[in-house]
Amino acid sequence: AELTRLINRLLTPLSDAILGRNGTIDKYMGDCVMAFWNAPIDDADHAMHACEAALEMRRQMAAVNAELRKEAGADEAFKPLKIGIGINTGQCVVGNMGSHQRFDYSVLGDAVNLASRVEQQTRAYGVDIMVGAATAAAVPADRFALLEVDNIAVKGKTEAVRIFALIGEVAAIDLETWVATKDAQERFLATYRAGNWDAAERALEHCREYSLWPTSLDSLFRGRIARYRIEPPPADWAGVYVAETK
């Protein structure tokens with residue numbers, strides 16, 4: 001009964017964030033909610049609305065955790081709830097899916113599968129909102145602060161996709177800091193993809209100077225660099241990381 005109340009308490013504000021920005025809730029899977037945009041009603045700004053919903057989810061999670069912490073009182077065992085959000089944009093099939101006995105209005109397609117894989121990578125990279133390259137290209141560059149994180153071949157795919165961390169809305173963060181953060185990350189990725197490990201580690205040190213940079217990336221890439229020093233990638237390596245897990 002406690003778990004049921006907690007899940008309802010979690011999913012209600014997350015659902016409000018989706019519905020309030022033209023989203024369609026597909027289904028709930030345990031503590032997960034799947035949603036899509038641009039159907040059944042056309043939405044020319046579907047990618048932007050999905051990103052807006054994700055940022056609202058982040059704000060709602062902060063409010064839910066503040067309430068839970070207050071209720072926990074002096075309980076040192078309290079751990080805040082965390083979520084990972086994956087967004088992708090692409091062509092898919094929309095309609096009533098299922099069997100003769102039961103069906104749901106849902107979506108199918110490669111773009112849908114990739115959205116799921118992108119969400120799963122939030123754990124590995126330690127960021128709460130991650131979007132694919134198609135979404136990053138579809139939203140206004142001056143509206144959202146999108147930081148390229150990696151070029152990755154997700155589980156079950158051979159082609160690499162660029163993935164981005166959604167830092168926030170540009171209007172809500174310090175522009176000078178954001179530009180410097182983005183430049184520092186781009187310099188790191190350039191040295192990393194060139195296989196210049198010493199320069200890449202120095203670039204990571206520089207990235208750490210900026211508060212908008214996800215510090216979880218530091219240990220992740222340092223670990224990779226340490227492995228590549230021992231077992232270098234192929235000569236034709238283009239900086240693509242092949243995900244070993246979903």
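As shown above, the structure is provided for reference.
Please read these numbers as outputs of a predicted model, since none were measured by experiment.

## Considerations on the overall build of the chain
Here's step 1: Each helix and strand counted, the chain has seven helices and nine strands in total.
Here's step 2: For 246 residues, the compact-globule formula gives about 18 Å, and the C-alpha radius of gyration of the chain, at 19 Å, lands near that figure.
Here's step 3: Seen along its three principal axes, the alpha-carbon backbone of the chain occupies a region of about 55 × 50 × 35 Å.
Here's step 4: Within the span of the chain, comprising 246 residues, buried residues form 43% of the whole.
Here's step 5: A separation threshold of at least 6 residues defines the contact pool for the chain, and within that pool the share at least 24 residues apart is 61%.
Here's step 6: Looking at the chain, you have 27 positive and 34 negative side-chain charges, and the mean spots of the two groups are 4 Å apart.

## A look at the pattern of salt bridges
Here's step 1: In total, this model carries 17 salt bridges according to the counting rule given.
Here's step 2: Between D218 and R222 there is a salt bridge, with its nearest N and O atoms 3.0 Å apart. Here D218 and its partner R222 are both found in helix α7 (residues 216–230), four residues apart, which amounts to about one turn of the helix.
Here's step 3: Residue classification places D218 among the buried positions, given a relative accessible area of 10%.
Here's step 4: Residues joined in a network through salt bridges with shared partners are E205, R208, D218 and R222.

## Here we look at helix α5 (residues 175–193)
Here's step 1: Over its 19 residues, α5 runs 27 Å from end to end, which matches the ideal 27 Å to within 8%, given 1.5 Å per residue.
Here's step 2: Residues of α5 that are buried sit in contact with β7 (144–153), β8 (161–169), α6 (197–207) and α7.
Here's step 3: Once α5 ends, the next one or two residues include G195, with phi positive near 75°.

## Observations concerning the pairing of strand β1 (residues 24–29)
Where a strand is regular, its side chains alternate between the two sheet faces.
Here's step 1: In terms of strand pairing, β1 meets strand β2 (residues 32–36) through five bridges, oriented antiparallel. Looking at the pairing, M29 lines up with C32 of β2.

## Points about α6
Here's step 1: Listing the buried residues of α6 in full gives W197, A199, A200, A203, L204 and C207. The buried residues of α6 all sit within an arc of 155° when viewed along its axis, so they share a single face.
Here's step 2: Among the structural elements, α5 and α7 are those in contact with the buried residues of α6.

## Some points on the packing of aromatic side chains
Here's step 1: All chains considered together, the criterion is met by 10 aromatic pairs.
Here's step 2: For the pair F188 and F221, a centre-to-centre distance of 4.9 Å together with 70° between the ring planes defines the contact as edge-to-face. Within this pair, whereas F188 is found in helix α5, its partner F221 is found in helix α7, the two being separated by 33 residues in sequence. Here the two residues F188 and F221 agree in accessibility, since each one is buried.
Here's step 3: Counting every residue linked through ring pairs, the aromatic cluster contains F188, Y192, W197, F221, Y228 and W237.
Here's step 4: We note R224 situated over the ring of Y241; from NZ or CZ to the ring centre the distance is 3.6 Å.

The rules we used
- Along each chain, the written sequence defines residue order, and numbers are assigned to residues from 1.
- Where totals are concerned, whole chains, interfaces and linings use all residues; where local detail is concerned, this predicted model gives features only for residues with pLDDT of at least 70, and gives and counts side-chain atom pairs only at 80 or more.
- Heavy atoms from the whole structure form the basis of all side-chain values; hydrogens and water molecules are not counted.
- Strands are runs of DSSP state E lasting at least two residues, helices are runs of H or I lasting at least four, and both sets are numbered from the N terminus onward.
- C-alpha atoms define the radius of gyration in this analysis, and the globule rule sets the expected value at 2.2 Å times the number of residues to the power 0.38.
- Summary of the burial criterion: residues with accessible area below 20% of their type's maximum are buried, those above 50% are exposed, and those between are partly exposed, where the area comes from a 1.4 Å probe applied to protein chains only.
- Whether two residues are in contact is decided by their heavy atoms, any of which lying within 4.5 Å being enough.
- For the purpose of charge, His is not counted, nor are the chain termini; Lys and Arg are scored as positive and Asp and Glu as negative.
- In this description, the location of a charge corresponds to atom NZ of lysine, CZ of arginine, CG of aspartate or CD of glutamate.
- Criterion for a salt bridge: a side-chain nitrogen of Lys or Arg within 4 Å of a carboxyl oxygen of Asp or Glu.
- Working rule for helices: expected span equals 1.5 Å times residues minus one.
- In this scheme, strands are said to pair when DSSP sees at least two bridges between them.
- Here the arc refers to the set of directions running from the helix axis out to each C-beta atom.
- When two rings of Phe, Tyr or Trp (its six-membered ring) have centres within 6.5 Å they constitute a pair, described as stacked for plane angles under 30 degrees, edge-to-face for angles over 60, and tilted for the intermediate range.
- Charge-over-ring placement is defined geometrically: NZ (Lys) or CZ (Arg) within 6 Å of the ring centre, and within 35 degrees of the ring normal.

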